[in-house]
Amino acid sequence: MGYRRTGAIGECEACAVDTYKAETDDFSVCLACAPVSGSTNNETGRWDVDLHCRCAPGWRYVAADDECVQCAYHTYKVGWNNNETCVACPAAMFVWELGSDSESDCWVPSSSSSSS
């Protein structure tokens, strides 16, 4: 697990970064982490998607689809933990971009007065 056969019997190499291999057989290939960008594992030789593929900050994990999706408007996610959800900005603060990764991205819109 976490290694793939390179050709000759007994010769293996670690699965590359952003991939994993949960099988122990010689025929399985290393699989990519979640199919949408924002997922990584940052290490070679990983063997379990749930333990080793993580959604990047600004992205949350959707188990039903086995993919990472960007945090919605007005929310952010700082960490790499797939159990974390995107957090709403503090009251009266907003983020006008998808995939925000910091509370500092939340801002208070300035009120503009119009003069005629």
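Summarised in this report is the structure supplied together with it. (Residues numbered from 1 in each chain as written. Predicted model: local features only at pLDDT ≥ 70, side-chain atom pairs only at ≥ 80, totals over all residues. Heavy atoms only, no water.)

## Remarks on the overall build of the protein chain
Item 1. Helices and strands together make up the secondary structure of the protein chain, namely one helix and ten strands.
Item 2. Start at the N end of the protein chain and walk to the C end: the helices and strands fall as β-β-β-β-β-α-β-β-β-β-β.
Item 3. Out of the 116 residues belonging to the protein chain, those deemed buried represent 32%.
Item 4. Considering only contacts within the protein chain whose residues lie at least 6 apart along the sequence, 34% involve residues at least 24 apart.
Item 5. Here the protein chain displays about 7,300 Å² of accessible surface, and carbon together with sulfur accounts for 52% of that area. (Helix = DSSP H or I, 4+ residues; strand = E, 2+ residues; numbered from the N terminus. Buried < 20%, exposed > 50% of the residue type's maximum accessible area, 1.4 Å probe, protein only. Contact = heavy atoms within 4.5 Å. Areas by Shrake-Rupley, 256 points an atom, 1.4 Å probe, with all protein chains shown as cover.)

## Structural notes on the packing of aromatic side chains
Item 1. Per the stated rule, a full pass over the model turns up two aromatic pairs.
Item 2. For the pair F94 and W96, a centre-to-centre distance of 5.8 Å together with 20° between the ring planes defines the contact as stacked.
Item 3. Summarising the aromatic geometry, the rings of W96 and W107 are spaced 6.5 Å apart at their centres and angled 55° between planes, so their arrangement reads as tilted. Taken together, the residues span a long stretch of sequence, with W96 in the segment after β10 (87-88) and W107 in the segment after β10 at a distance of eleven residues.
Item 4. Aromatic ring contacts, followed pair by pair, group F94, W96 and W107 into a single cluster. (Phe/Tyr/Trp six-rings, centres within 6.5 Å; stacked < 30°, edge-to-face > 60°.)

## Focus on the state of the cysteines
Item 1. Applying the stated criterion to the full structure yields four disulfides.
Item 2. Covalent S-S linkage joins C15 and C30, the inter-sulfur distance amounting to 2.0 Å. Its S-S torsion of approximately -75° makes the covalent link between C15 and C30 left-handed. A residue pair is termed long-range when its members are at least 10 positions apart, and C15 in the loop between β2 (12-14) and β3 (19-20) and C30 in the loop between β3 and β4 (31-32) qualify at 15 residues. Of the two residues, C15 and C30, both sit in the buried class.
Item 3. Between C55 and C68 runs a disulfide, and the two sulfur atoms are separated by 2.0 Å. For the disulfide bridge between C55 and C68, the dihedral angle about the S-S bond is near -85°, and by the sign convention the bridge is left-handed. Here C68 lies in strand β8 (residues 67-70) and C55 lies in strand β6 (residues 54-55), a separation of 13 residues in the sequence. (Disulfide = S-S within 2.5 Å.)

Distances and angles like these do not, on their own, reveal function.
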